[in-house]
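Coordinate inspection notes
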Amino acid sequence: MSYSQLDEKYEFRDIRPEEAKRAAEIEQLVFPPNEAEEPEKLIEQVGIAPELFLVAVDRKSGELAGFLNGVATDEESFRDEFFTDKSLHDPDGRNIILLGLDVLPVHRGQGLASRIMETYCERERARGREKLILTCLPGLVKMYEGMGYRNMGISGSSWGGETWYEMHKELRSE
């Protein structure tokens, strides 16, 4: 599906406080138990930094189809404490640590994850951010490289007992 078709089908915007619980439920549905962020921590993050969540809302049903969330920081690499210690968020941080890209299975296969990622990137570039940083499992490295992320190698993260690759995307204009 083209981005313009996705834009017709979904509204892309910041999360609303009343959507925090549903976002936490989606996180539990789309990630294995060892990888999902604790519901209380995700809900806490909505309260602290709702502007760093980007949700895709199905225009017909009004339901959340997916979201991307992160925290702002001046740090240059990913660490697991970003999931558990929300005080690490610095609203003026130069970089964004992306914590999760969640798309409900019924909304997959049409390019929604890519559109969420691109919209988030555009928004944070406009806000003056310098870099997006994420971790992914080995099978997703190529997908993120296709979105313009650079593979920095194996991350120091051991979240969920997994081996993660750290990916960076520069947002500054060349």
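Anything mentioned here points back to the structure above.
About the thresholds
- Counting restarts for each chain, with residues numbered from 1 along the sequence as it is written.
- It should be noted that, the model being predicted, local features are given only for residues of pLDDT at least 70 and side-chain atom pairs only at 80 or more, the latter also being counted only at that level, while totals for whole chains, interfaces and linings use all residues.
- To get the side-chain values, all heavy atoms of the structure are used, and hydrogens and water are removed first.
- In short, DSSP must find at least two bridges between two strands for them to pair.
- Elements are defined by DSSP. Helices are runs of H or I of four residues or more, strands are runs of E of two residues or more, and each kind is numbered from the N terminus.
- Lines fitted to C-alpha atoms define the axes here, with helix axes fitted over just the stretch in contact, and angles between the N-to-C directions of these axes take values from 0 to 180 degrees.
- Contacts between residues were defined by any pair of non-hydrogen atoms, one from each residue, lying within 4.5 Å.
- A pair of cysteine sulfur atoms is labelled a disulfide when the two atoms are within 2.5 Å.
- Partly exposed describes any residue whose relative accessible area lies between the buried limit of under 20% and the exposed limit of over 50%, with all areas from a 1.4 Å probe on protein chains only and scaled to the type maximum.

1. Concerning the sheet that holds strand β3 (residues 64–73)
If you walk across this open sheet you meet the seven strands as β1-β2-β3-β4-β5-β7-β6, and the pairing is mixed. Taken across any chain shown, the strands that pair with only one partner, and hence form the sheet edges, are β1 (10–14) and β6 (150–154). The average angle at which neighbouring strand axes cross in this sheet is 25 degrees, direction not considered. Strand direction decides the pairing type here: β6 and strand β7 (residues 165–170), joined by three bridges, are antiparallel. Following the sheet pairing, Asn151 is matched in β7 by Met167. The sheet contacts of helix α2 (residues 20–30) involve β3 and β4 (95–103), and relative to β3 the element is tilted by about 100 degrees.

2. Here we look at the state of the cysteines
Taken as a whole and assessed by the stated rule, the structure comprises zero disulfides. Looking at the unpaired Cys121, the closest cysteine sulfur is the one in Cys136, lying at 16 Å. Judged by relative accessible area, which is 0%, Cys121 ranks as buried. Judged by its relative accessible area of 2%, Cys136 is buried.

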